[in-house]
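These are the residues of each chain, in order.
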Amino acid sequence: MRSYFGTHNHTHYSNIRLLDSINRPADLINKAIELGLSGVAITDHECLSSAIEINQIATKLRESNPDFRIALGNEIYLTNDRSMGQKYYHFLLIAKDALGAKALRKLSSTAWSNSYVDRGLERVPTLKSELQEVIMNYQGHVIATTACIGGELSSNVLLMEQARAVGDINTADRCYKNITSFLDFCLRLFGEDFYIECAPSTNAEQCLVNHKLYQIAKAYGIKMEVGTDAHY
């Protein structure tokens, strides 16, 4: 049985727009090795600045820990447009190889080239249309996951269940349609490289979401993975 591979991890490079993480790449990787993980993906918030340092660490590790894998990823903000005041849903991308890393760089460059300020914070969303345009040329080279409870899937699942609990059928139906539309989009674009992420937690909302995510994954035949979303 293979040991756990950490798919969702942040480092201090995530602090480029906001205070987010105190992890240093080398410390995070050394801790993962100490815990017996098979590898980690570095998935900072719309930031690929750790790539050079990560590659240097990975090169050194080939001698002492040749079986440990380090992947380059990016937690993007996936939206339909660049309108003000909207929710900037989280979405996780992980490169499978050099071509996948190239796709991540293209997407990140587009996001930053179109950045703007909304509610006092610089916003760097990736449009679904932009994601589709790039990934269509790199299918099979990038893994995608639904990310944390801030992602479009988990956010709509939580709102749907809360609406159902109070008898708000209209909101529940709207969330259900959002969920099916989002999943159809992801499956068309990523196919077998698309995963539903859940997070280990005792938080009541996260536990509720995890339960529903399992049901959704089973119904759609989508693989699930556990992301710890490490920030410290």
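Scroll up to find the structure.
Cut-offs applied
Residues numbered from 1 in each chain as written. Predicted model: local features only at pLDDT ≥ 70, side-chain atom pairs only at ≥ 80, totals over all residues. Heavy atoms only, no water. Salt bridge = Lys/Arg side-chain N within 4 Å of Asp/Glu carboxyl O. Helix = DSSP H or I, 4+ residues; strand = E, 2+ residues; numbered from the N terminus. Buried < 20%, exposed > 50% of the residue type's maximum accessible area, 1.4 Å probe, protein only. 1 Å grid on protein atoms, 1.4 Å probe; cavity = no way out; pocket = protein on both sides within 12 Å on 5 of 7 lines; lining within 4 Å. Points joined across faces, edges and corners; volume = space filled by probe spheres on them. Contact = heavy atoms within 4.5 Å. Polar contact = N/O pair within 3.5 Å; in protein donor to acceptor, adjacent residues only side chain to side chain. Expected span 1.5 Å × (residues − 1). Arc of directions from axis to C-beta. Core = buried A, V, L, I, M, F, W, Y, C linked by side-chain atoms within 4.5 Å.

(A) Spotlight on the pattern of salt bridges. Inspection of every chain in the model, using the stated rule, returns eight salt bridges. Here Asp193 ties to Lys96 by a salt bridge, and the two come within 3.1 Å at their closest N and O atoms. One end of the pair, Asp193, is in the loop between helix 6 (169-190) and strand 9 (194-198); the other, Lys96, is in the loop between strand 4 (89-95) and helix 3 (98-113), and 97 residues separate them in sequence. Among the residues examined, Asp193 registers a relative accessible area of 13% and is labelled buried. Overlapping salt bridges, with partners in common, bring together Glu161, Arg164 and Lys212 in one network.

(B) Summary view of the layout of surface pockets. Size it by volume and the largest pocket reaches roughly 300 Å³. Along the walls of the largest pocket sit 13 residues, with Phe5, Thr7, Ile143, Tyr195 and Glu225 positioned nearest its centre.

(C) Quick look at the environment of Ser21. Assignment of secondary structure puts Ser21 in the loop between strand 1 (5-6) and helix 1 (25-34). Each C-alpha atom of the pair Ser21 and His231 lies 4.6 Å from the other, and the pair is 210 residues apart in sequence. Sequence-distant contacts of Ser21, defined by excluding residues within four places in its chain, comprise His10, Thr11, His12, Asn15 and His231. A distance of 3.2 Å separates a polar side-chain atom of Ser21 from the backbone nitrogen of Asn23. Polar contacts involving the side chain of Ser21 include one to the main-chain carbonyl oxygen of His231, which spans 2.8 Å.

(D) A look at the environment of Lys31. Along the chain, Lys31 turns up in helix 1. The exposure class assigned to Lys31 is partly exposed, which follows from its relative accessible area of 42%. Residues Lys31 and Asp184, spaced 153 residues apart in sequence, show a C-alpha to C-alpha distance of 37 Å.

(E) Region of the structure containing helix 2 (residues 51-64). For helix 2, with 14 residues, the first-to-last C-alpha span of 20 Å sits near the 20 Å given by 1.5 Å per residue. Turning to helix 2, its buried residues number three or more, namely Ala51, Ile54, Ile57, Ala58 and Leu61. Considered in projection along helix 2, the buried side chains sweep an arc of 120° and stay on one side of the axis. With respect to the buried face of helix 2, the exposed residues turned more than 90 degrees away are Ile52, Lys60 and Glu63. Elements that come into contact with the buried residues of helix 2 comprise helix 1, strand 2 (39-42) and strand 3 (69-79).

(F) Geometry of the nonpolar core. Among the nonpolar cores identified, the biggest contains 40 residues, and Phe91, Leu93, Leu131, Leu153, Leu183, Phe190 and Phe194 are the most heavily contacted of them. For this core, the element with the most residues is helix 6, which contributes nine residues. With near-sequence residues (within four places) excluded, Leu131 lies in contact with Leu78, Phe91, Leu93, Leu107, Thr126, Phe185, Leu189 and Phe190. Of all hydrophobic cores here, the second largest spans 10 residues; its members include Leu28, Ile29, Leu37 and Leu61.

(G) Structural view of the environment of Ala147. Relative to the helices and strands, Ala147 is located in the loop between strand 8 (142-145) and helix 5 (152-165). Residue Ala147 is classed as buried on the basis of its relative accessible area of 1%. Residues Ala147 and Ala199, 52 residues apart in the sequence, show an inter-C-alpha distance of 9.0 Å. Apart from the residues lying within four places of it in its own chain, the contact partners of Ala147 are Glu75, His90, Phe91, Leu92 and Glu197.

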